[in-house]
Amino acid sequence: MDFEKSSTSPSEQTVNSSRCVDQPEYDGRSHTIALGFSESSGKPAQMPIQLLDHADSVRRAVAPGIALKHKSALGQFMTPAPVARFMASLFPPSSLQRCTLLDAGAGVGALTCAFLDRWAIRDGFSFDRVGVEAYEIDPILRGYLEDALASYAERLPVGSQVFSEDFIEAAALQSFAGLRYTHAILNPPYKKINSLSQHRLILRQVGIETVNLYSAFVALALSLMKPGGQLVAIIPRSFCNGPYYRPFREYVLHRAALRHLHLFDSRTKAFKDDDVLQENVIMRLECGGVQGTVTVSNSTDDSLSDLVTHEQPFDRIVFPDDSEKFIHVPTSLGRNALELCEGVRFTLPDLALGISTGPVVDFRLREHIQEQPGKGTVPLLYPGHFSGYTTQWPKDGIKRGNAINLNSDTRKWLYPNGFYTVVRRFSSKEETRRVVASVVRPDTFPGAPMLGFENHLNVFHEDKHGLSEALAYGLAVFLNTAAVDDNFRRFNGHTQVNATDLRFMKYPDRETLIALGAWARSQATLTQAMTDYQTKKLTK
Ligand SMILES: C[S@@+](CC[C@H](N)C(=O)[O-])C[C@H]1O[C@@H](n2cnc3c(N)ncnc32)[C@H](O)[C@@H]1O
C-alpha cells in the first residue's frame with residue numbers, strides 16, 4: 001500500500017463556500033511546529049512535533065457551529081485533547097518498524113494526532129514509519145483532517161490515506177481482503193442502526209449482528225486487524241449489558257483479549273463540550289491475545305486528574321458462568337459485598353422464577369384505561385403507586401389512570417391478583433439508587449381478580465402468577481440492599497433497569513430469600529442498615 005497522502009474524493013478537500021459551520025482560519029501550517037524529523041536516522045528527533053493541541057482548538061472552534069441535526073445524524077461528538085492523549089497513552093510500547101493505524105470516523109483527527117504526537121516524542125513506539133488510514137464522511141471535517149495529516153507528513157515519515165467513504169461499507173468489503181492494521185484508535189459515531197437498514201444488511205453479511213454504529217465500527221475494525229493488533233476505543237457503556245449487545249460482546253471477546261477498561265464516573269463530563277449524557281468507557285483490545293488480568297481505571301472527568309488504576313482478574317469483569325457475557329467495571333480493588341457471598345449465585349431461571357417488563361403498554365390500550373376504578377375494571381399499577389414497601393392505590397394525579405377494563409382485549413396483558421415483587425425500570429439521574437424494589441400485596445386490592453402492571457415496571461412472578469408472600473418480600477429486601485445496587489452499577493451505566501439484567505443477576509437460593517422475607521415481615525420498620533446486615537448474615 002502506498003501511504004502517500006491521498007483521498008478517495010480529492011475534490012471534496014477544497015474548502016468551499018457552502019460549509020455549514022463557522023470555521024476558523026486553518027492553513028494547517030500557521031501554528032508553531034517544532035521540527036521533529038531527523039533526516040539521517042529516519043526517526044523523530046529532539047524537537048517533537050505536537051499537533052493535538054492545534055486539532056483541539058479546531059475542534060472547539062468547529063464543534064459549536066455544527067447544526068445539532070447534522071451532529072446527531074453523523075454522531076459527531078469529538079474527543080477533547082486530554083482524553084485523546086490518554087487514549088494514545090494506553091497502547092503498549094511497540095518494537096514494530098511499520099505501524100498501520102486506523103482512525104475510523106476520524107473527525108478533525110484528534111485521535112490520530114494524539115497517537116502521532118506520542119510517537120514523535122518517542123514514548124515507547126519504535127516505528128520507522130506510520131501509515132494512517134482515516135475514514136471521515138463529512139467533507140468539512142475531512143478538510144481539517146487532511147491538513148493535519150499533511151502537516152505531519154512534512155515533518156515525520158507518515159503516509160496517509162483519507163477516505164471519504166462510509167467506513168461500514170468500505171470495511172465490510174475489505175474484510176475479505178486481508179488483515180492490515182497494527183493499531184486502531186477510535187471514537188466512532190453513536191447512532192442506532194435500524195433493523196432493515198443497509199448498514200444492518202451489510203454487517204450481517206460479514207457476520208456482525210449489532211444495533212449501533214459504534215459497536216459496528218469496533219467489530220469491523222477488529223476484523224481488519226493483524227494478530228497482536230491493538231485497538232483503543234472510546235464508546236458508550238451501553239454495550240456492557242443488555243440483550244441487544246450480546247452478539248457484539250461475544251464477537252469482541254472471541255477475537256480479542258480485553259486489556260484495559262477505563263470508566264468516566266460522571267456521565268456528563270467526558271464530552272462536556274458536546275453535552276453528551278452517556279456514560280463512556282475506553283477500552284483497549286488486543287487482537288487474538290490470550291486473556292489475562294485487565295487493567296481497570298476510572299476518573300471523574302476528562303481532566304483525568306484523579307485517575308485510579310488497578311488490576312482485576314478477568315473473572316471479575318465477565319463472570320465465568322454468565323451466558324450473557326455482561327462486562328462489569330469494578331471501581332475498586334476490593335470485591336463487592338455480593339461477590340463475597342458464596343450463597344449468592346443463582347439466576348432467576350435457576351430459581352424457576354420469571355421476570356417480565358410490565359405488559360400493559362398504556363398508549364396501546366388507551367381506550368381501556370380509567371382514571372378511577374369502577375365496575376368491570378381491575379387495578380392498573382404504575383411506579384408512582386409505590387413508595388418503599390407501601391402501595392398507595394388508587395392515587396390521584398397518576399398520569400393515565402388507576403384502573404384498566406377487564407375484557408377480552410385486555411385479559412391477556414393482566415396477571416392474577418397476588419404477591420409480586422416489582423422494580424421500577426427507570427430512575428432519575430438524581431436518585432441515589434438504581435434498583436428500587438417494592439411488594440404488591442393482594443389485600444391492597446380486595447376483590448380484584450386480576451392486576452395490570454404498566455410497562456415502566458419490571459415484575460417478578462412464578463409462571464405469570466403471584467409469589468408466596470415471604471418470597472416476594474425476600475426478593476424485594478435483597479434487591480434493595482446496597483450491595484445489589486453497587487453490583488448493578490458495575491455493569492449497567494444507564495438509569496434503565498432491564499428485565500434481562502435482573503434475570504441474570506445473582507440471587508440467594510429460594511430458602512434464603514424466603515427466610516429474608518419472613519424476617520422482613522416480622523420487623524416494624526426496615527432501614528437500609530437492617531436490610532444490608534440481615535442479608536449479609538443470611539447469605540454468607
Ligand atoms: C464521535 S465522532 C468522533 C470524531 C473523532 N474520531 C474524534 O475523536 O474527535 C465520529 C465521526 O465519525 C464520522 N462518521 C459518521 N458516520 C460515519 C461513517 N459511516 N463512516 C465514516 N465516518 C463516519 C462523523 O462525521 C464524525 O466525525
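Scroll up to find the structure.
Residues numbered from 1 in each chain as written. Predicted model: local features only at pLDDT ≥ 70, side-chain atom pairs only at ≥ 80, totals over all residues.

Caption draft 1: Spotlight on the overall build of the protein chain. When helices and strands are counted, the protein chain shows 16 helices and 21 strands. Long-range contacts, defined here as pairs at least 24 residues apart, represent 78% of the contacts in the protein chain between residues at least 6 apart. (Helix = DSSP H or I, 4+ residues; strand = E, 2+ residues; numbered from the N terminus. Contact = placed C-beta atoms within 7 Å.)

Caption draft 2: Main features of the sheet that holds strand 21 (residues 457-461). Across the sheet, 4 strands lie side by side as 11-21-18-19; this open sheet has antiparallel pairing. Bordering the open sheet on either side are strand 11 (354-357) and strand 19 (437-440), each of which pairs with just one other strand. Between one strand and the next, the sheet's axes are offset by a mean angle of 30°, whatever the strand orientation. With 4 bridges connecting them, strand 18 (residues 420-424) and strand 19 associate as antiparallel partners. Residue T421 lies in a different strand from strand 19, and its bridge partner there is V439. (Pairing = 2+ DSSP bridges. Axes fitted to C-alpha atoms, helices over the stretch in contact; angles between N-to-C directions.)

Caption draft 3: Summary view of the sheet that holds strand 16 (residues 403-405). Reading across the sheet, the 5 strands line up as 12-16-13-20-17 and stay open at both edges, with mixed pairing between neighbours. In the strand order of this sheet, the two ends are held by strand 12 (369-370) and strand 17 (414-416), each with one partner. Bridging between strand 12 and strand 16 involves 2 bridges; their strand directions are antiparallel. Bridge pairing links I369 to I404 in strand 16.

Caption draft 4: Structural context of the site of the ligand. Surrounding the ligand, one finds 22 residues, the nearest of these being M78, T79, G105, G107 and N187. Elements represented by at least two residues in the shell around the ligand include exactly helix 4 (110-120) and helix 6 (167-174). Residues that form the shell around the ligand fall into these classes: 13 nonpolar, 6 polar and 3 charged. (Near = placed C-beta within 6 Å. Nonpolar A, V, L, I, M, F, W, Y, C, P; charged D, E, K, R; others polar.)

Caption draft 5: Here's a closer look at the environment of G228. Considering the arrangement of structural elements, one finds G228 in strand 6 (residues 225-236). In this structure, the C-alpha to C-alpha distance between G228 and C287, residues 59 residues apart in sequence, is 5.0 Å. Among all residues touching G228, those that are not within four sequence positions of it are E286, C287 and G288.

Caption draft 6: Just unusual backbone geometry, in detail. The peptide bond linking W393 to P394 adopts the cis configuration, its omega dihedral lying at -10°. Tracing the sequence through the fold places P394 in the loop between strand 15 (390-391) and strand 16. Within the chain, A352 stands out as a residue other than glycine whose phi angle is a positive 55°. With respect to the secondary-structure elements, A352 resides in the loop between helix 11 (337-340) and strand 11. The exposure class assigned to A352 is exposed, which follows from the 10 C-beta atoms found within 10 Å. Of note in this structure, D463 is not a glycine but carries a positive phi near 50°. Within the secondary structure, D463 sits in the loop between strand 21 and helix 12 (469-479). (Buried ≥ 20, exposed ≤ 12 C-beta atoms within 10 Å, placed from the backbone.)

Caption draft 7: A look at the nonpolar core. Counting 97 residues, the largest nonpolar core has M87 and A221 as the members making the most contacts within it. Looking at this core element by element, the count peaks at 9 residues for helix 8 (residues 213-223). Setting aside chain neighbours within four positions, we find A221 in contact with L102, A104, A184, L186 and L231. By size, the runner-up hydrophobic cluster in this structure holds 56 residues, among which are F386, V423, L451 and V497. (Core = buried A, V, L, I, M, F, W, Y, C linked by C-beta atoms within 7 Å.)

Caption draft 8: Main features of the environment of E133. Relative to the elements of secondary structure, E133 occurs in strand 3 (residues 129-135). For E133, a count of 24 C-beta atoms within 10 Å corresponds to the buried category. Note: C-alpha distance between E133 and L101 (32 residues apart in sequence) is 6.1 Å. In this view, E133 contacts L102, Q161 and F163; residues no more than four positions away in its chain are not counted.

Caption draft 9: Quick peek at the pairing of strand 6. With 5 bridges connecting them, strand 5 (residues 181-186) and strand 6 associate as parallel partners. Within strand 6, the position partnered with A184 by the bridge is L231. Strand direction decides the pairing type here: strand 6 and strand 8 (residues 280-287), joined by 7 bridges, are antiparallel. Within the sheet, the bridge partner assigned to A233 lies in strand 8 and is M283.

Caption draft 10: Inspection of the packing of helix 15 (residues 510-521) against helix 16 (residues 528-539) at higher detail. Their axes nearest at 10 Å, the elements helix 15 and helix 16 cross at an angle of 145°. Between helix 15 and helix 16 lies a crossing of right-handed hand. Contacts between helix 15 and helix 16 involve T512, A515, L516 and W519 on the former and, on the latter, Q534, T535, L538 and T539. Taken together, the residues that form the contact of helix 15 with helix 16 break down as 4 nonpolar, 4 polar and no charged. (Left-handed = near helix turned anticlockwise from the far one by under 90°.)

Caption draft 11: A look at the packing of helix 1 (residues 52-62) against helix 3 (residues 81-89). Running from amino to carboxyl end, helix 1 crosses helix 3 at an angle of 140°, the nearest separation of the two axes being 10 Å. Our classification of the angle between helix 1 and helix 3 gives oblique. Crossing of helix 1 against helix 3: the hand is right-handed. Along its contact with helix 1, which presents L52, D53 and D56, the element helix 3 presents A81, A84 and R85. Its residues assigned to classes, the contact of helix 1 with helix 3 shows 3 nonpolar, no polar and 3 charged. (Parallel < 35°, antiparallel > 145°, perpendicular 65-115°, else oblique.)

Caption draft 12: How the structure looks around helix 8. Taking burial as the measure, the 11 residues of helix 8 include 10 buried ones, the bulk of the element. The set of residues buried in helix 8 consists of L213, Y214, S215, A216, F217, V218, A219, L220, A221 and L222.

Caption draft 13: Structural view of the environment of L526. Here L526 lies in the loop between helix 15 and helix 16. On a C-alpha basis, the gap between L526 and G388 in space is 9.6 Å, while along the polypeptide they are 138 residues apart. In contact with L526, other than residues within four places in its own chain, are Y389, A520 and T531.

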